[in-house]
Amino acid sequence: MSQYIYDLSPYADIAYYQTHPGHMAAVSLARGHKAPVGNVRVLELGCGSGFNLLAMSMSNPDNEYVGIDLSRVQIENGKAIAAEIGAQNVTLHACSIEDFADGGEQFHYIIAHGFYCWVPPTVRDSMFAMMKRLLAPDGVAYVSYNTNPGWRLRSLMRDGLRFLTPADGSPAERVAQVRTNMGQLADSFLDAEGMYAQAFRDEWTKLNQEQDYYFLHEYLADFCDPLYFEEFVKHAAGHGLRFLAESRYWTNAHAQPQAVRADLERVGGDDLLRREQYLDWMAGRYFRQTLLIHAERNPPGELDPEGILKLRILSDPDTPEEIGDPMRDAVLAKLAEGGVEPLPASAIGAEIFGPVTFLVPTLLVQGWAEGHWALRADTPVFASKVSERPEACPLARLQATSTTLLTNRLHRRVDVTAEEQQVLLQLDGTRAASEFSSQSAVLDALAAKALLAR
Ligand SMILES: C[S@@+](CC[C@H](N)C(=O)[O-])C[C@H]1O[C@@H](n2cnc3c(N)ncnc32)[C@H](O)[C@@H]1O
């Protein structure tokens, strides 16, 4: 048997913010679904090395994490990382999800990122069956998938790539060769200015910038079957699961600006699923990160104002200083004052607006949809100020041995400078902050990037 492709060419180690339980719980609350927070069990299907779970375990150590992946090599990599960073609460299994002996214990969150479209149809069925069986009554499942109509253009790339890829050679050699072959094709269209040539070149220029592993697994893999949102929800419904929301909050139909919502209502009326599908047509969407709940639970509805006030509010990487709206600017000013530490929504509401009315939760959720800040249900563990003996997050320290792109305690990717990288590598908790007196600004910067452990 030929060697398994993910053993030969492992997937990159990436933490996905949209899969974080603290984030998913916040999105759920905004749709009136009270998902559990704290001391939760999290299962990830097709977890690669389990890096996503390992990163979560650093900032939410009270949860329990289980990851499953068919690739023995990736799981061994993950176990080595877990041992190195001292992650006690992450268990990784090398097997197919179909062979996982689960013992029937339920999970509050089940994640399948980059899995559904990339496995054969029988495994997709098994995935939903497993979610139905193992999801706790108030739990939330997350599934990402490539979707049409946006993927129609990308499918053109995939078809061309598969036609032009040599059958033999190592993964790296095959990717190098197909890059050359596609480049030659893009330079030799018979009608160089025609619509086909232009669309092809545009897509190819974007795709050619992707890294080899992505190229290989997204475009050359045996399975990568995009589908329409309505097809996806139908498949999920067949297994007793219903659509709750999109995990990227601002991409939800209900979170669109008024003018867009009017268009969605014109076509979809009060049918939420049809409105969501029409939004994909309007946006040309090619990727979804969908949250599902048990079909027996109440359908998604209005936000839960009390629930929203229990959340924390934090700056987004793109949070502006001000936007010219007095109420939103008041929240932004508070956030700027508080630095990287997520602030309780209730406190912000009370401090700024006095008695908290229903307006405050609505404003907080609107600002989230508009991309001014983020809401979270958990309390990530990290030091937002430099302590006497600063210690960097062990996972970030491990990453910093080979890259400046690190995962922080908010489950986000942050870039550090070469100097920050060198200092971070020394922060194992044994050295006093005073030893870095000439680099105190660097220590502060690392704290502001949520890279220090508490
Ligand atoms: C596209 S990768 C995504 C990896 C990771 N979730 C991410 O997004 O970074 C798909 C993963 O699913 C795993 N996989 C494929 N079929 C599987 C199965 N039947 N059971 C468990 N894992 C499987 C592969 O080994 C691979 O690691």
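Conventions adopted
Residues numbered from 1 in each chain as written. Predicted model: local features only at pLDDT ≥ 70, side-chain atom pairs only at ≥ 80, totals over all residues. Helix = DSSP H or I, 4+ residues; strand = E, 2+ residues; numbered from the N terminus. Rg over C-alpha atoms; globule rule 2.2 N^0.38 Å. Contact = placed C-beta atoms within 7 Å. Near = placed C-beta within 6 Å. Nonpolar A, V, L, I, M, F, W, Y, C, P; charged D, E, K, R; others polar. Expected span 1.5 Å × (residues − 1). Buried ≥ 20, exposed ≤ 12 C-beta atoms within 10 Å, placed from the backbone. Arc of directions from axis to C-beta. Pairing = 2+ DSSP bridges. Axes fitted to C-alpha atoms, helices over the stretch in contact; angles between N-to-C directions. Parallel < 35°, antiparallel > 145°, perpendicular 65-115°, else oblique.

### What about the overall build of the chain?
Next, step 1: Assigned secondary structure in the chain consists of 19 helices and 12 strands.
Next, step 2: At 23 Å, the chain has a C-alpha radius of gyration in line with the 22 Å of a compact globule built from 454 residues.
Next, step 3: Across its three principal directions, the C-alpha atoms of the chain cover 65 × 55 × 55 Å.
Next, step 4: Summarising the internal contacts of the chain: among those between residues at least 6 apart in sequence, 76% fall at separations of at least 24.

### Focus: the site of the ligand
Next, step 1: In the neighbourhood of the ligand, 21 residues make up the surrounding shell, with Tyr 6, Gly 46, Leu 70, Ser 96 and Gly 114 lying closest.
Next, step 2: For the shell around the ligand, the residue count by class is 11 nonpolar, 8 polar and 2 charged.

### Brief notes about helix α6 (residues 151-164)
Next, step 1: An ideal rise of 1.5 Å per residue puts 20 Å on 14 residues; α6 measures up with 20 Å between its terminal C-alpha atoms.
Next, step 2: Here α6 has its buried residues at Trp 151, Arg 154, Met 157 and Leu 161. Each buried residue of α6 lies within a common arc of 105° when the element is viewed along its axis, so the set occupies one face. Away from the buried face of α6 by more than 90 degrees, exposed residues Arg 152, Asp 159 and Phe 163 are located.
Next, step 3: Those residues of α6 that are buried are in contact with β5 (135-146), α7 (171-186), α8 (195-207) and α9 (212-219).

### Considering the sheet that holds strand β8 (residues 312-315)
Strand pairing within a sheet occurs via backbone hydrogen bonds; the two strands may be parallel or antiparallel.
Next, step 1: Within the open sheet, the 3 strands sit side by side as β9-β8-β10. Their pairing is antiparallel. The sheet is open, and its two edges are formed by β9 (343-344) and β10 (373-376), each paired on a single side.
Next, step 2: Bridging between β8 and β9 involves 2 bridges; their strand directions are antiparallel. Note that in β9 the partner of Ile 313 across the bridge is Leu 343.
Next, step 3: Those strands touched by helix α16 (residues 359-369) are β8 and β10, and its axis lies near 120° from that of β10.

### Observations concerning unusual backbone geometry
Next, step 1: A cis geometry characterises the amide bond from Asn 148 onward to Pro 149, with omega recorded as 10°.
Next, step 2: By the element assignment, Pro 149 lies in the loop between β5 and α6.
Next, step 3: Here the phi dihedral of Asn 39 falls at roughly 50°; this positive angle occurs in a residue that is not glycine.
Next, step 4: Along the chain, Asn 39 turns up in the loop between α2 (21-30) and β1 (41-45).
Next, step 5: Residues other than glycine seldom take positive phi values, yet Ala 450 does so here, at roughly 55°.
Next, step 6: Turning to its location among the elements, Ala 450 is positioned in the segment after α19 (440-448).
Next, step 7: Using a count of 25 C-beta atoms within 10 Å as the deciding quantity, one classes Ala 450 as buried.

### Examining the sheet that holds strand β3 (residues 90-94)
Next, step 1: Spatially, 7 strands are ordered β3-β2-β1-β4-β5-β7-β6 in an open sheet, and the strand pairing comes out mixed. One side of each edge strand has no neighbouring strand; the edge strands of this open sheet are β3 and β6 (241-246). This sheet shows a mean twist of 20° between the axes of neighbouring strands, independent of strand direction.
Next, step 2: Sheet topology places strand β2 (residues 64-69) next to β3; 5 bridges connect them, and they run parallel. Note on β3: the bridge partner recorded for Val 66 is Thr 91.

### Considerations on the environment of Ala 432
Next, step 1: When you line up the elements, Ala 432 lands in the loop between α18 (418-426) and α19.
Next, step 2: Judged by the 11 C-beta atoms lying within 10 Å of it, Ala 432 is exposed.
Next, step 3: Ala 432 sits 16 residues away from Val 416 along the chain, and the two C-alpha atoms are 21 Å apart.
Next, step 4: Among all residues touching Ala 432, those that are not within four sequence positions of it are Glu 388 and Arg 389.

### A word on the packing of α18 against α19
Next, step 1: Interaxial distance between α18 and α19 falls to 10 Å at its minimum, and their mutual angle equals 85°. As judged from the angle between their axes, α18 and α19 are roughly perpendicular. Here Glu 419, Glu 420, Val 423 and Leu 424 of α18 lie close against α19, whose contacting residues are Val 442, Leu 443, Ala 445 and Leu 446.
Next, step 2: Here the residues of the contact of α18 with α19 sort into 6 nonpolar, no polar and 2 charged.

### A few points about the environment of Gln 258
Next, step 1: Within the element layout of this structure, Gln 258 appears in helix α11 (residues 258-268).
Next, step 2: Taking the C-beta count within 10 Å as the criterion, Gln 258 has 6 such neighbours and is therefore assigned exposed.
Next, step 3: For the pair Gln 258 and Asn 181, spaced 77 residues apart in sequence, the C-alpha to C-alpha distance is 46 Å.

Purely spatial values, then, with no claim about function.
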